[in-house]
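Structural characterization, general
For reference, the chains in residue letters:
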Amino acid sequence: AKGLAPLYRQIGDALKASAVGCTAWLLVGNKELAKEVGLRTSRRIPVYNGPIECRLLRYDVWEGKAS
């Protein structure tokens, strides 16, 4: 999972650079990796991908909302 941390940071950076004013949803299976996005979630919905507990995360991408 640690090898994926840079990817999650890149996703967050891309959202902050190109999606200001938009809403983004990510389906994640690892809570620690989700923190690497660097944005606050406005909603967290528990879901299952087969037997894997996941979270559907909503990010409202606004300037100054990075955490």
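Summary of the structure given here. (Residues numbered from 1 in each chain as written. Predicted model: local features only at pLDDT ≥ 70, side-chain atom pairs only at ≥ 80, totals over all residues. Heavy atoms only, no water.)

1. Looking at helix α1 (residues 5-18)
- End to end, α1 covers 20 Å across 14 residues, agreeing with the expected 20 Å (1.5 Å per residue, within 8%).
- By the burial criterion, the buried members of α1 are A5, Y8, G12 and L15. Across the axial projection of α1, the buried residues extend over an arc of 90°, all falling on one side. Of the exposed residues in α1, the ones pointing more than 90 degrees away from its buried face are Q10, A17 and S18.
- Its buried side turned inward, α1 meets β1 (22-28), α2 (31-35) and β3 (52-61). (Helix = DSSP H or I, 4+ residues; strand = E, 2+ residues; numbered from the N terminus. Expected span 1.5 Å × (residues − 1). Buried < 20%, exposed > 50% of the residue type's maximum accessible area, 1.4 Å probe, protein only. Arc of directions from axis to C-beta. Contact = heavy atoms within 4.5 Å.)

2. Details of the nonpolar core
- L15, V28, V37, L39 and Y59 are the most contacted members of the largest nonpolar core, which totals 14 residues.
- Of all elements in the fold, only α1, β1, α2 and β3 reach the threshold of two or more residues within this core.
- Dropping the residues within four chain positions of it, L15 is found in contact with V20, A24, L39 and V61. (Core = buried A, V, L, I, M, F, W, Y, C linked by side-chain atoms within 4.5 Å.)

3. Describing the sheet that holds β3
- The strand order across the open sheet built from three strands is β1-β3-β2, with neighbouring strands paired in antiparallel fashion. Where the open sheet ends on each side, the last strands, each with one partner, are β1 and β2 (43-49). Along the sheet, successive strands turn relative to each other by an average axial angle of 25°, direction set aside.
- As paired strands, β2 and β3 are joined by seven bridges and run antiparallel to one another. Following the sheet pairing, I45 is matched in β3 by L56. (Pairing = 2+ DSSP bridges. Axes fitted to C-alpha atoms, helices over the stretch in contact; angles between N-to-C directions.)

4. Quick look at the pairing of β3
- The sheet contact formed by β1 and β3 spans seven bridges and is antiparallel. For V28, the partnering residue across the bridge sits in β3 and is R55.
- Connecting the antiparallel pair β2 and β3 is a turn made up of two residues, with G50 showing a positive phi of about 65°.

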